[in-house]
Amino acid sequence: MNNNPNCFSELEDIVPKTAYGEAFTIYMVAYEAWRRGLNVSLENVYSSTEYRNHIHYRVFDNENDESFTWERPLSMPKSTLRIISSKSKTRRILTKEDVPTVKSKVLNTTDPDLITSRLEGFLFPLRISSIDSPEHNEVNYIVSDFQEIKTIIKEKKEEFKSNKMLIEESLSHEHCHAYIVNGEVVGAYRNVPLYIKGDGKKSVNELLKEINELLNKIPSDRQFTIRINKEIEEILNQQNHSLNSVLKKGEIIFLDKEDEKNFSVDITDNLPSNLKNDLIKVISLIPNLSQGEVEFIYDEEYDKYKIYAINTQVNLKKYLYPIEGSARFIPKAIIDYYFPETQEKYLSDDTPKFYFDYEIIEDEIQNARLSKAVIPQYPYEPNLVAKLITFTSSYDGIKEIIKSNFFKLNINGEFNVINENQFELILAGNYQDVAYFHDFLKSQPYFENIEFKDHHFGVRVGYSFNGLPIPKSNVLNTTENQNIEDQEITSSLKTNYNNNNLRKTPKTIKNIIEKIKNKF
Amino acid sequence: MEKTLYLDRPTVAITGSFGKTTAKEITASILSVKYDIYKSNNSNTINAVRKHVKRITDKHEAIVLEMAMNIKGTGKTKCTMIQPNIGVITSVGHAHFKHFNSIYEIVKSKSEMMKYMDPKGTLYLNFDDEYSQFIDTQYFTGDIVKCGVSSGADYRATDIRFNNDGMEFFVKLKGVKERMFVPVLGEHNVINALFGIAIADKFNFSADEIRKGLENVEVQKGRLALEHLEGNRKLLDDSHNANPASMIAGLKVLNNYIDGDKKIALLGDMAELGSFNREGHEKVGTALKKFEFDKVYLYGQSSKYILNKAVEVGFSENKLFHFDNIDHLIEEIVKEFEENTTLMVKASHATNFSKVVEKILDIYKRVE
């Protein structure tokens, strides 16, 4: 399996946990701009149409100024947004121009016969979702035949908040997505249910552990790992395997589960040029749209496609971390387009791996304690170095001493408590200042066993104290310390990203698995 | 923000409270003997450096830039645009003191050169300059070369004398004592020449090549430029800019190196001295006692401090004349600028003594 979490090594270790979830897309576009030396500020804006706050961020330099929400520019006219927010409006425009789109119908009946007659000519599977629900909480089901539709409507009627249902052709688990910027397909992927691929040596259990290790490297909520539980065992059983099975080389097992996590497989280079041109045309047919994600169903065997939608909120992780193929760094294309003068000008090439924190956005901006945050400029100057200093000390006033040097020398970094009297300091700044800081520590009687080495990992701008040396008079016992640590971890995991509440019947799962299997 | 331009060619940046332009002209003149060079003009603001960076091309084999670091942080900004691998700090003084609170802040500001230049590069310092001694080089990892006239300097000028409108001196290059001549005036400019010589020596220029470069140095207008005028009159035009140290250095040139029956100094206000204004002017007043001038004309509010201090330390009050009106001053200067007279004109640019110089040059023709 060609796993790509390391594809963008320069991005490794720079995404803060607070940006792992929903904020990932925002963070990555803002980060891409920031590391080119562009100014970035973020603010909380209330959307009266969606009844919720959104993070808007502004990117600017002396020449250009653009604000975004998600990866979308705010300069996009509302009329354009209204079109792409509505699948039916989008499909109407595309159909007029002879672009194949999925069939869809809005029904406001629960009469099974009427439904059956109105869906004549539709290709299964179909997606049923409620519309016009006041909470905008769509309920989705994928069905494989008319009987399933009837069952769903009969059994799940109460879940639908209104009588109106949108029924559309959909192969949700294998929808393809292509991101188009400025008349170019800059990335495309196909959704694929979770799977493992055998190498003829490792057991299923080992393969699962291996893939989980890789998934853990992706800046994502920790829930996005494959839990080895009864459910998995059941799925394996359905496919005549167990955790101890050794898969043949290239043999694939799908691990589709209720929580609907899936992989993406990069298909950018596999799309035929005529399809790419058609996808570019789709974007160009929407007035004033220069970038966006086209979601489509694509049958490679017959080279047929149908446009499903143009998405307004994009999950960039799918492009950045495909399980196969090459990673596509969409933020680069976006910032290149709006800030062409910064193309290939990465300040980050010559500096330690700086990143900016998202904690303040989550803690202070989203809850409206602050209205706006301006990110400090990317630390850039010649002779920047990053060093890691470890030392032991039993002195109570470490924080004050360290803090005064951080402040005085304008150094970025952090102070971490390793254990009761062992500490580490990450320092990133001018080499002379860092050397001074090191000498300063050596000159003080409070610090011992000082070690100094290069630091190759991310450095958050500013300085922070992670865990404070606890005055001896007030030492907590180990269990209490552990509790504090646990609380921090729990809080960092709160931002779970799950924008897909799609549910499917077991029969549909089986059908889809079979269909996808045939593609491999 | 632009990415730093790092070059693997000699990239010389020159800063300092005074002497930058002269050191740059001398260094560029020497390096141009062997290299196709890019030399900055006298504009050295952040925007100017940005423009210079854009103009540098692959054909330039060496770069010589003047980089003012007269406001905190500008050195960092400029070295971030283009990182020098050769740094020169000509001097540390009270010029532009209004941007600082103490001389140590100025030291720190000039030290930005050392902090942001190539850590493996070479830094050239003025061995004789009082405040340059405060530059803390302990964390600089490159080479340090000190230039001066005192014993102990890495490049030391000896046997200095005035000769044919310039300075003659000796300097040891690769163990051999070489005679040099630079067509600029003053001991302080000999040290500026040493910077150029030391840099050229680093790049294995021969003594003859260095001499050739020095000969070609062109004296910049208003920077201790000596004009020979009809009636054996001499005009020492140092009207471009001034600070206490450069004013005293100019007076020293007038006193020690220029012949003439009658010597007149015209001194104006020195701007941008901030809280050092009074002390800076008084320093010049105190220094006047060491010189023998026939008359000293003063112009501007701050120059009254020179007057009062000079009187206080015993300089003859009868030789001191203060003016508040530039036209009356010019009238008087023209009258006093008789045959066989040498006149030195020195003030900050803002004092506008170029008007005096223009008037003099209008009246009296230059002679070869």
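Data block above holds the structure.
Computed from a predicted model, the values in this text were never measured in an experiment. (Residues numbered from 1 in each chain as written. Chains lettered and ligands numbered in written order. Predicted model: local features only at pLDDT ≥ 70, side-chain atom pairs only at ≥ 80, totals over all residues. Heavy atoms only, no water.)

### Examining the overall build of chain B
(1) Moving on: Along its length, chain B carries 11 helices and 18 strands.
(2) Moving on: Relative to all contacts within chain B whose residues are 6 or more apart in sequence, the contacts with residues 24 or more apart total 68%. (Helix = DSSP H or I, 4+ residues; strand = E, 2+ residues; numbered from the N terminus. Contact = heavy atoms within 4.5 Å.)

### Brief notes about the overall build of chain A
(1) Moving on: Within chain A, the regular secondary structure consists of 15 helices and 24 strands.
(2) Moving on: Burial analysis of chain A (520 residues in total) assigns 52% to the buried set.
(3) Moving on: Contacts spanning at least 24 positions in sequence make up 72% of the contacts within chain A whose residues lie at least 6 apart.
(4) Moving on: Carbon and sulfur atoms form 46% of the exposed surface of chain A, whose accessible area is close to 24700 Å². (Buried < 20%, exposed > 50% of the residue type's maximum accessible area, 1.4 Å probe, protein only. Areas by Shrake-Rupley, 256 points an atom, 1.4 Å probe, with all protein chains shown as cover.)

### Considering helix α7 (residues 230-238) of chain A
Residue and element names in this part refer to chain A.
(1) Moving on: All of the buried residues in α7 are Ile232, Ile235 and Leu236. On an axial view of α7, the arc spanned by its buried residues comes to 100°, and they lie on one face. Residues of α7 that are exposed and angled more than 90 degrees away from the buried face: Lys230, Glu234, Asn237 and Gln238. (Arc of directions from axis to C-beta.)

### Points about the interface of chain A and chain B
(1) Moving on: Contact with chain A, which involves 20 residues of that partner, is made by 17 residues of chain B.
(2) Moving on: Across the chain A to chain B interface the summed buried area is about 1700 Å²; carbon plus sulfur atoms make up 52%.
(3) Moving on: Three residues stand out in chain A for area buried against chain B, namely A:Tyr380, A:Pro382 and A:Gln432, and they jointly supply 34% of the buried area on that side.
(4) Moving on: One salt bridge connects B:Lys3 with A:Asp349, and the closest N-O pair in it is separated by 3.5 Å.
(5) Moving on: Among the elements that line the side of chain A that touches chain B, the one with the most residues is helix α13 (residues 431-443) of chain A, at 6 residues.
(6) Moving on: A class-by-class count of the residues in the side of chain A that touches chain B yields 8 nonpolar, 5 polar and 7 charged. (Buried area = accessible area lost by both parts, 1.4 Å probe. Salt bridge = Lys/Arg side-chain N within 4 Å of Asp/Glu carboxyl O. Nonpolar A, V, L, I, M, F, W, Y, C, P; charged D, E, K, R; others polar.)

### A closer look at a positive patch on the surface
Residues and elements named next belong to chain A.
(1) Moving on: A cluster of like positive charges, contributed by Lys78, Arg82, Lys89, Arg92 and Lys96, occupies part of the molecular surface.
(2) Moving on: Listing elements by their share of the positive patch, those giving two or more residues are α2 (78-85) and α3 (87-96).
(3) Moving on: With respect to the helices and strands, lysine 96 occurs in helix α3.
(4) Moving on: Judged by relative accessible area, lysine 96 falls into the exposed class, the value being 73%. (Patch = residues over 30% accessible without salt bridge, like charges linked within 9 Å, V, L, I, M, F, W, Y side chains within 5 Å. Lys, Arg positive; Asp, Glu negative; His and termini not counted. Charge placed at Lys NZ, Arg CZ, Asp CG, Glu CD.)

### A word on the sheet that holds strand β21 (residues 448-454) of chain A
Residue and element names in this part refer to chain A.
(1) Moving on: Across the sheet, which stays open at both edges, the 5 strands sit in the order β21-β18-β20-β19-β23 with mixed pairing between neighbours. Here the strands that pair on one side only, and so sit at the sheet edges, are β21 and β23 (463-466). The sheet shows a mean angle of 15° between the axes of neighbouring strands, taken without regard to direction.
(2) Moving on: Here 4 bridges tie strand β19 (residues 412-419) to β23, and the two strands are oriented parallel to one another. Residue pairing for β23: glycine 413 is matched across the bridge by tyrosine 463.
(3) Moving on: Here helix α12 (residues 398-409) sits on the sheet and contacts β18 (384-392), β19, β20 (422-430) and β23; the angle it forms with β23, its principal contact strand, is near 160°. (Pairing = 2+ DSSP bridges. Axes fitted to C-alpha atoms, helices over the stretch in contact; angles between N-to-C directions.)

### Details of the pairing of β19(A)
Residues and elements named next belong to chain A.
(1) Moving on: Direction of pairing for β19 relative to β20: antiparallel, over a ladder of 7 bridges. Within β20, the position partnered with valine 417 by the bridge is phenylalanine 423.
(2) Moving on: Counted along the chain from β19 to the antiparallel partner β20, the turn is 2 residues long.

### Here's the deal with the pattern of salt bridges
When charged atoms on two side chains of opposite charge get close, those side chains can pair.
(1) Moving on: According to the stated counting rule, one finds 46 salt bridges over all chains in the structure shown.
(2) Moving on: Close ionic contact of A:Lys442 with A:Asp439 constitutes a salt bridge, the shortest N to O distance being 3.6 Å. Note that A:Lys442 and A:Asp439 are positioned in helix α13 at a spacing of 3 residues, about one turn of the helix.
(3) Moving on: The residue B:Glu187 makes a salt bridge to B:Lys252 at a minimum N-O spacing of 3.7 Å. Placement of B:Glu187 in helix α5 (residues 187-202) and of B:Lys252 in helix α7 (residues 244-256) is noted, with a sequence separation of 65 residues between them.
(4) Moving on: One salt-bridge network, held together by shared partners, links A:Glu32, A:Arg35, A:Arg36, A:Lys332, A:Asp336 and A:Glu344.

### Here we look at the sheet that holds strand β12 (residues 176-182) of chain B
Residue and element names in this part refer to chain B.
(1) Moving on: Read across the open sheet, the 3 strands follow the order β10-β11-β12; overall the sheet is antiparallel. Every interior strand has two partners, whereas the edge strands, β10 (158-162) and β12, have only one. The mean inter-strand angle of the sheet, taken between neighbouring strand axes irrespective of direction, is 25°.
(2) Moving on: Sheet contacts for α5: β10, β11 (167-173) and β12; angle to β11, the most-contacted strand, approximately 35°.

### Notes on the packing of helix α8 (residues 277-288) of chain B against helix α9 (residues 303-313) of chain B
Residues and elements named next belong to chain B.
(1) Moving on: Contact geometry of α8 with α9 gives a least axis separation of 7 Å together with a crossing angle of 40°. Between α8 and α9, the angle falls in the class oblique. When you trace α8 past α9, the crossing you get is right-handed. Between α8 and α9, the contacting residues are Asn277, Arg278, His281, Glu282, Val284, Gly285, Thr286 and Leu288 on the first element and Ser303, Tyr305, Ile306, Lys309, Ala310 and Val313 on the second.
(2) Moving on: Taken together, the residues of the contact of α8 with α9 break down into 6 nonpolar, 5 polar and 3 charged. (Parallel < 35°, antiparallel > 145°, perpendicular 65-115°, else oblique. Left-handed = near helix turned anticlockwise from the far one by under 90°.)

### A word on the environment of B:Leu361
All names here are of chain B.
(1) Moving on: Secondary-structure assignment places leucine 361 in helix α11 (residues 354-363).
(2) Moving on: Accessibility expressed as a relative area gives 25% for leucine 361, which makes it partly exposed.
(3) Moving on: In this structure leucine 361 touches Glu227, Leu229, Leu235 and Arg366, once residues within four positions along its chain are discounted.

### What about the side chain of A:Asp357?
Residue and element names in this part refer to chain A.
(1) Moving on: You can see aspartate 357 is positioned in the loop between β16 (354-355) and α11 (359-365).
(2) Moving on: A distance of 3.2 Å separates a polar atom in the side chain of aspartate 357 from the backbone nitrogen of glutamate 359.
(3) Moving on: A polar atom in the side chain of aspartate 357 sits 3.1 Å from the side chain of arginine 460.
(4) Moving on: Setting aside residues no more than four positions away along its own chain, aspartate 357 makes contact with Pro16, Thr18 and Arg460. (Polar contact = N/O pair within 3.5 Å; in protein donor to acceptor, adjacent residues only side chain to side chain.)

### Points about the environment of A:Tyr195
(1) Moving on: Here A:Tyr195 shows up in strand β11 (residues 195-197).
(2) Moving on: The spatial distance from the C-alpha of A:Tyr195 to the C-alpha of A:Ile211 is 9.4 Å, given a sequence separation of 16 residues.

### Examining unusual backbone geometry
(1) Moving on: Each neighbour pair has its own omega, and for A:Phe124 with A:Pro125 the value is 0°, a cis peptide bond.
(2) Moving on: Considering the arrangement of structural elements, one finds A:Pro125 in the loop between α4 (112-118) and β6 (126-130).
(3) Moving on: One non-glycine residue, A:Asp98, lies in the positive phi region at around 65°.
(4) Moving on: Along the chain, the position of A:Asp98 falls in the loop between α3 and β5 (104-107).
(5) Moving on: One non-glycine residue, B:Asn204, lies in the positive phi region at around 60°.
(6) Moving on: Residue placement: B:Asn204 occurs in the loop between α5 and α6 (207-215).

### Thoughts on the packing of aromatic side chains
Here a ring pair, both rings aromatic, is described through the centre-centre distance and the interplanar angle of the planes.
(1) Moving on: If you walk through the whole model with that rule in mind, you get 38 aromatic pairs over all chains.
(2) Moving on: Plain terms: the ring middles of A:Tyr27 and A:Phe356 are 4.6 Å apart, the flat faces sit at 40° to each other, and that makes the pair tilted. Taken together, the residues A:Tyr27 in helix α1 (residues 24-34) and A:Phe356 in the loop between β16 and α11 connect sequence positions 329 residues apart. Here A:Tyr27 and A:Phe356 have matching classes, each one buried.
(3) Moving on: Summarising the aromatic geometry, the rings of B:Tyr35 and B:Phe205 are spaced 5.6 Å apart at their centres and angled 75° between planes, so their arrangement reads as edge-to-face. With B:Tyr35 in the loop between α1 (20-31) and β3 (37-39) and B:Phe205 in the loop between α5 and α6, this pair connects stretches of sequence that are 170 residues apart.
(4) Moving on: Taken together, the aromatic side chains of A:Phe391, A:Tyr395, A:Phe406, A:Phe415, A:Phe423, A:Phe437, A:Tyr446, A:Phe447, A:Tyr463 and A:Phe465 make up a single cluster linked through ring pairs.
(5) Moving on: If you follow A:Lys317 out to its NZ or CZ, it ends over the ring of A:Phe24, 5.1 Å from the centre.
(6) Moving on: Above the plane of the ring of B:Phe203 lies B:Lys202, whose end atom (NZ or CZ) is 5.9 Å from the centre. (Phe/Tyr/Trp six-rings, centres within 6.5 Å; stacked < 30°, edge-to-face > 60°. Lys NZ or Arg CZ within 6 Å of the ring centre and 35° of its normal.)

These figures capture arrangement, not role.
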